[in-house]
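# Descriptive structure summary
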Amino acid sequence: MICPFCRNDDSRVIDSRPVEEGTQIRRRRECPECGQRFSTQEVALLNIIKRSGATEPFSREKVLVGVRKACQGRPVDEDDLVLLAQRVEEALRGTGQAEIEAHDVGMAILAPLRELDEVAYLRYASVYRNFASLEDFEGEIALLRALPSNASSNSSTPSSASKRTESSVKN
């Protein structure tokens, strides 16, 4: 590692500690030439292979931007979105692969988003899976009803307004 003070191309590691729940390593280093100390952080690279074939580093911020759009106007806290992006990154890193298809990133977003907010999930899925007709939405809604997520199974009984909506959909 090059010393940021004297540009010497050697340094000695004094201390190493895991940070960010073990996904990064912070190293305290000392330059043998000038004696200055400095810190570095190491992260395992996770590259995303886009549809065009180009690769780019994984970005939690890109996950957040997409999920924020789906959650617009929904009662979802920013902290929940940050946690979702972290869960997605952990799931992707947990595969042990250094390069992941962009499609797999979208798939990794769907499950935690469904647990967070089913309406936001439906919005995201409609764009991500290219819903082309009302039948696509109806099929996905039928799946949501058949396989309730943790969020919907933990909620109380539906309000009378949602009961009216459900009965009108069935008719």
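As a reminder, the structure under discussion sits directly above these lines.
Throughout what follows, the structure given in this document is the object of discussion. (Residues numbered from 1 in each chain as written. Predicted model: local features only at pLDDT ≥ 70, side-chain atom pairs only at ≥ 80, totals over all residues. Heavy atoms only, no water.)

## Considering the overall build of the chain
Convention followed: The way it works is that DSSP assigns letters per residue, a run of H or I at least four long becomes a helix, a run of E at least two long becomes a strand, and they are numbered from the N terminus. Think of it in three bands: with a 1.4 Å probe and only protein chains considered, a residue is buried below 20% of the maximum accessible area for its type, exposed above 50%, and partly exposed in between. In this description, contact between two residues means that some pair of their heavy atoms is separated by no more than 4.5 Å.
Helices and strands together make up the secondary structure of the chain, namely seven helices and six strands. In the chain, the succession of helices and strands from N to C terminus is β-β-β-β-β-α-α-β-α-α-α-α-α. Across the 171 residues in the chain, those meeting the buried criterion constitute 27%. Restricting to contacts in the chain with at least 6 residues of sequence separation, those with at least 24 account for 43%.

## What about the packing of helix α3 (residues 102–116) against helix α4 (residues 118–128)?
Here is the rule: Each axis is a line fitted through C-alpha atoms, and for a helix only the stretch in contact is used; angles between axes span 0 to 180 degrees, taken between their N-to-C directions. The scheme is simple: roughly parallel for angles under 35 degrees, roughly antiparallel for over 145, roughly perpendicular for 65 to 115, oblique for anything else. For a crossing to be left-handed, the near helix must be turned anticlockwise from the far one by less than a right angle; the clockwise case is right-handed. Asp, Glu, Lys and Arg are counted as charged, while Ala, Val, Leu, Ile, Met, Phe, Trp, Tyr, Cys and Pro are counted as nonpolar; the rest, among them Gly, fall into the polar class.
It is the contact of α3 with α4, at a shortest axis distance of 7 Å, that shows an interaxial angle of 160°. Between α3 and α4, the angle falls in the class roughly antiparallel. Of the two elements, α3 crosses α4, and the hand of that crossing is left-handed. In this structure, α3 uses A102, H103, D104, G106, M107, I109, L110, L113, R114 and L116 to contact α4, whose residues at the interface are E118, A120, Y121, Y124, A125 and Y128. In the contact of α3 with α4, the residues fall into eleven nonpolar, two polar and three charged.

## Side note on the sheet that holds strand β3 (residues 37–43)
Under the convention used in this document: Think of it this way: DSSP has to see at least two bridges between two strands before they count as a pair.
Here three strands make up an open sheet; going across it, the order is β1-β2-β3 and the pairing antiparallel. A single partner strand is all that each edge strand has here, and the edge strands are β1 (12–19) and β3. Across the sheet, the axes of successive neighbouring strands diverge by a mean angle of 25°, strand direction being ignored. In the sheet, strand β2 (residues 24–30) pairs with β3 via seven bridges, with the strands oriented antiparallel. Within the sheet, the bridge partner assigned to R28 lies in β3 and is S39.

## Here's the deal with the environment of R60
Our working definition: Under this definition, polar contacts are N or O atom pairs within 3.5 Å; protein pairs additionally need one hydrogen-donor-capable and one acceptor-capable atom, and for neighbouring residues in sequence, both atoms have to be side-chain atoms.
Structurally, the position occupied by R60 is in helix α1 (residues 60–70). Overall, R60 belongs to the partly exposed group, its relative accessible area being 29%. Considering only alpha carbons, one finds R60 and V88, 28 residues apart in sequence, at a separation of 8.4 Å. If near-sequence neighbours (up to four positions away) are discounted, R60 is found in contact with A85, Q86 and E89. Among the polar contacts made by the side chain of R60, one reaches the side chain of E89 at a distance of 2.3 Å.

## Points about the nonpolar core
Nonpolar side chains in soluble globular proteins tend to be buried together. Heads up, the rule is: Here, nonpolar core refers to any group of buried Ala, Val, Leu, Ile, Met, Phe, Trp, Tyr and Cys residues whose side-chain atoms link them within 4.5 Å.
Within the largest apolar cluster, 27 residues are counted, with the highest numbers of intra-cluster contacts made by V63, V67, L92, V105, I109 and L113. Sorting the residues of this core by element identifies α1, α2 (78–93), α3 and α4 as the ones contributing at least two each.

## Concerning α2
Here is the rule we go by: What a helix is expected to span follows from its residue count: subtract one and scale by 1.5 Å.
The end-to-end C-alpha distance of α2, which contains 16 residues, comes to 23 Å, matching closely the 22 Å that a straight helix rising 1.5 Å per residue would cover. Every buried residue belonging to α2 is among L81, L84, A85, Q86, V88, E89 and L92, and all of these are buried. Buried-residue contacts for α2 involve α1, β6 (99–101) and α3.

## A few points about the packing of α1 against α4
The N-to-C vectors of α1 and α4 enclose an angle of 115°; their axes lie 8 Å apart at closest approach. In terms of axis orientation, α1 runs roughly perpendicular to α4. Both α1 and α4 take part in a crossing whose hand is right-handed. Facing G66, K69 and A70 of α1, the residues of α4 in contact are A120, R123 and Y124. A breakdown of the residues in the contact of α1 with α4 according to their chemical character gives three nonpolar, one polar and two charged.

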